Amino acid sequence: MITPEKPELAEVLEVKQETSDTKTFTVRFENPKRQKKFFFVPGKFMMVTIFGFGEIPLSISSSPYKTGFMSFTVVNVGNVTNAMHSLKKGDQLGLRGPFGNGFPMQRFRKKNILFVCGGCGIAPLRSAIYAVREKKEEFGKVELMFGCKNPQSILFSQEMDQWGKQGISVQTTVDKPSPKWAGNIGVVTSLFKNSVLSPENTVALLCGPPVMIHFALIELRKKGFKDRQMFASLERMMQCGVGYCSHCNIGNRYACIDGPIFNAAELKELPVKEE
Amino acid sequence: MNYVLSKEDLAPFLAQLSKRFQVIVPAKNDSGIVTFQEFSGQEVCLETERLSSPKKFFRPAKEKIFSFAKKKEGYEVKPVFDKTKRVIFGIRPCDTHALQALDELFIRYYGLDQFYSSRRKNTLLIALQCTKACENGFCQSMGTSQAVGADIVFTERGDEFFVRPETEAGRAILDRKLFKQTGDAEPSSKISCKVSLETHNLAENIYRGFESPVWKQEAERCLSCTSCTQVCPTCYCYTTDDEFEFGSGSKSSRFRFLDSCQLKRFTTVAGNHMFRASRSSRLRQFVLHKFSYYQENHGMQLCVGCGRCISVCPTKISLVEIANSIQKQVLEGAK
């Protein structure tokens, strides 16, 4: 009997403190057969249960080519994430999924890729960056533009150095600089002028707060990006992941089953900005 | 073959049934409000006008769906199904249509909601046709004035019921001593509603009025009290939450409880961002989900025209008036 709401047991393999309020959890299903069959596309998400506290949707932030585990990068902001932050290696949690559509990576072959993200919006894009890095020869040039609140909250900074060495152009910007900060200051769209990618053969992948996505799309259009070249991962309140609970309803679509990745042409049709 | 049951024999029939089933009937509670409750000999209320629907037996306000128990080797996750054998007497045609709409989403569409379908499978429906229109109902416009998917259909005729069994399971619970066979034609259950809604191209036209000023005008009176979503027989949106059992060590349960799109928290995500922060956007979500989104996704209306949300609204907001005036605007604008 299929019960899509039933969480399956998983264990924590590793917990890594990324910044003061963010941790990356590496987990795997306890059932080896389930883990072996587990497959996902970057951009998909899991429903994660912390027993006794509740369930939340979390994007997978690890590489789709690493099959023995999956990672979640989680900011401590609410009741469930707070409980999750107290998990240690060997603790149990519940998983359902993967849900959502994910980025259509196969359509990005032979194209340049521009990643635009803000804050913990880098989590789902990190998975896509790994996917691109793994099959470097299939893709063109890759740029990552990353906006953060302040230098202390920049996630994956060590990994970014590595990505830089592997030919990915990484640029970061912060809203509130520290005295030592030598990089760019301002919102992520202020980095767009540095992009060397010509819009004709480039796709843009976006994830971040709604206001960032809104303005990034406007700026990218100005640069000559067409709506079908821009893919944004939307954040919504979710309780079920299977289109039942209606929390993630946007117009007649659901972020959990029709999204969370929408291209800008689809976003134009939907009442994304309702106020 | 159809039957006739005298109204006097209704109570004995229900009493008989309650030996084998949990029998649910509409009756007055202590405050004089008609609700669906377990039959224990009380007077069955046959009035058409009522605010409560039997939704709570399919989508209860709070429902335990999983129990989590921490054992030595780890957590044990057990789903909790309601398998009570039930008979619901007196479900009205609009509410039978509401169940059809819910079946579409939870049974026929994507995946399978075992918690809902377990309740649905174990429940027999005895529908009671309406012979009198209710105050705010517009079931004629929505095409929901005749019962569907019930096991037995009752129609009032003077001091007796005309009884039409629809399914094998329904026929099986008819007692041959109380029910007399009849060759009569079914009495007419045609009613004339006082409220009417234009339904031609409704889903499309009302969505085209997304930016209409009507939403804001109407929402000025809205209190976000969620009465409309509570009485609606099809409002199913839910939130899940876990609760610890105190004093049990480490047992906890997952509950699913009905939520309302009229609340700010419905769309609030971490970081306190609200996707529908204004009352007008939340009111619009309610009306468009009923009339437009469900139609586009499932090919059927989520509104069954019971008019309960209109009756219950403390500030007299009417979704029929909203829908009619927006359609009028859109069609005039298109000319």
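Residues numbered from 1 in each chain as written. Chains lettered and ligands numbered in written order. Predicted model: local features only at pLDDT ≥ 70, side-chain atom pairs only at ≥ 80, totals over all residues. Heavy atoms only, no water.

1. Quick look at the confidence of the model for chain B
Residue and element names in this part refer to chain B.
Okay, so step 1: On average, residues of chain B score 89 in pLDDT, and 98% of them are at 70 or above.
Okay, so step 2: Of all the helices and strands in chain B, strand β14 (residues 273-274) carries the lowest mean pLDDT, 86, while strand β7 (residues 123-128) carries the highest, 93.
Okay, so step 3: As a predicted assembly, this complex carries a pTM of 0.90 together with an ipTM value of 0.87. (pLDDT = per-residue confidence, 0-100. Helix = DSSP H or I, 4+ residues; strand = E, 2+ residues; numbered from the N terminus.)

2. Focus on the pairing of strand β8 (residues 142-148) of chain A
Within a regular strand, side chains alternate between the sheet's two faces.
Residues and elements named next belong to chain A.
Okay, so step 1: Taken across its 7 residues, β8 has 7 buried, putting it largely inside the fold.
Okay, so step 2: A two-sided burial pattern is seen for β8, the buried positions comprising Val-142, Leu-144, Phe-146 and Cys-148 on one face and Glu-143, Met-145 and Gly-147 on the other.
Okay, so step 3: Relative to β8, strand β7 (residues 112-118) runs parallel, the two being bridged by 6 bridges. Paired with Phe-115 across the two strands is Leu-144, which belongs to β8.
Okay, so step 4: Following the chain from β7 across helix α3 (residues 122-134) to the adjacent parallel β8, one finds a crossover that is right-handed.
Okay, so step 5: Alignment of β8 against strand β9 (residues 168-174), held across 7 bridges, turns out to be parallel. When the sheet's bridge partners are listed, Leu-144 is paired in β9 with Val-170.
Okay, so step 6: Taken together, β8, helix α4 (residues 157-165) and β9 constitute a β-α-β crossover, and its handedness is right-handed. (Buried < 20%, exposed > 50% of the residue type's maximum accessible area, 1.4 Å probe, protein only. Pairing = 2+ DSSP bridges. Right-handed = clockwise from strand over helix to strand, strands pointing away.)

3. Remarks on helix α3 (residues 114-121) of chain B
Residue and element names in this part refer to chain B.
Okay, so step 1: Counting buried positions over the 8 residues of α3 gives 7, a clear majority of the element.
Okay, so step 2: The complete set of buried residues in α3 reads Gln-114, Phe-115, Tyr-116, Ser-117, Ser-118, Arg-119 and Arg-120.
Okay, so step 3: As for α3, its buried residues are in contact with β4 (62-71), β5 (74-79), β6 (86-91), α2 (93-109), β7 and β12 (252-258).
Okay, so step 4: The backbone nitrogen of Phe-115 lies 3.0 Å from a side-chain oxygen of the residue at the head of α3, namely Asp-113. (Contact = heavy atoms within 4.5 Å. Polar contact = N/O pair within 3.5 Å; in protein donor to acceptor, adjacent residues only side chain to side chain.)

4. Section: the nonpolar core
Okay, so step 1: Judged by nonpolar contacts, the single largest core of 91 residues is most densely connected at Leu206(A), Phe138(B), Ile206(B), Tyr236(B), Phe291(B) and Leu319(B).
Okay, so step 2: For this core, the domains that each give at least three residues are domain 1 (8-99) and domain 2 (105-233) of chain A.
Okay, so step 3: Ignoring sequence-local partners within four residues, the contact set of Phe291(B) consists of Met142(B), Leu197(B), Leu202(B), Ala203(B), Ile206(B), Gln301(B), Cys303(B), Leu319(B) and Ala323(B).
Okay, so step 4: If you look at the next biggest cluster of nonpolar residues, it comprises 30 residues, including Ile113(A), Phe139(A), Val203(A) and Leu205(A). (Core = buried A, V, L, I, M, F, W, Y, C linked by side-chain atoms within 4.5 Å. Domains from an automatic or database assignment.)

5. A short note on the sheet that holds strand β1 (residues 2-6) of chain B
Residues and elements named next belong to chain B.
Okay, so step 1: Spatial strand order, β3-β2-β6-β7-β8-β9-β1-β10: 8 strands in an open sheet with mixed pairing. With partners counted over all chains shown, the strands left at the sheet margins are β3 (34-38) and β10 (180-182), one partner each. Strand after strand, the sheet turns through a mean of 30° between neighbouring axes, direction not considered.
Okay, so step 2: Here β1 pairs with strand β9 (residues 160-165) via 4 bridges, running antiparallel. Directly across from Ser-6, in β9, lies its bridge partner Glu-160. (Axes fitted to C-alpha atoms, helices over the stretch in contact; angles between N-to-C directions.)

6. Examining the sheet that holds strand β2 (residues 22-29) of chain A
Residue and element names in this part refer to chain A.
Okay, so step 1: Judged by pairing direction, the sheet is antiparallel, and its 6 strands sit side by side in the order β4-β3-β6-β1-β2-β5 without closing on themselves. The two strands at the open ends of the sheet, each matched to only one other strand, are β4 (54-59) and β5 (70-75). Geometrically, the sheet is characterised by an average inter-axis angle of 40° between neighbouring strands, direction not taken into account.
Okay, so step 2: Pairing geometry for strand β3 (residues 45-50) and β4, over 6 bridges, is antiparallel. Residue pairing in the sheet places Met-47 in a bridge with Pro-57 of β4.

7. Describing the packing of α3(A) against α4(A)
Residues and elements named next belong to chain A.
Okay, so step 1: Packing of α3 against α4 leaves a shortest axis separation of 13 Å and a crossing angle of 30°. Overall, the two elements α3 and α4 adopt an arrangement that is roughly parallel. Taken as a pair, α3 and α4 cross one another with a handedness that is left-handed. Judged by residue contacts, Ile-122, Arg-126, Ile-129, Tyr-130 and Arg-133 of α3 engage Glu-159, Met-160, Gln-162 and Trp-163 from α4.
Okay, so step 2: Along the lines of polarity and charge, the residues of the contact of α3 with α4 split into 5 nonpolar, 1 polar and 3 charged. (Parallel < 35°, antiparallel > 145°, perpendicular 65-115°, else oblique. Left-handed = near helix turned anticlockwise from the far one by under 90°. Nonpolar A, V, L, I, M, F, W, Y, C, P; charged D, E, K, R; others polar.)

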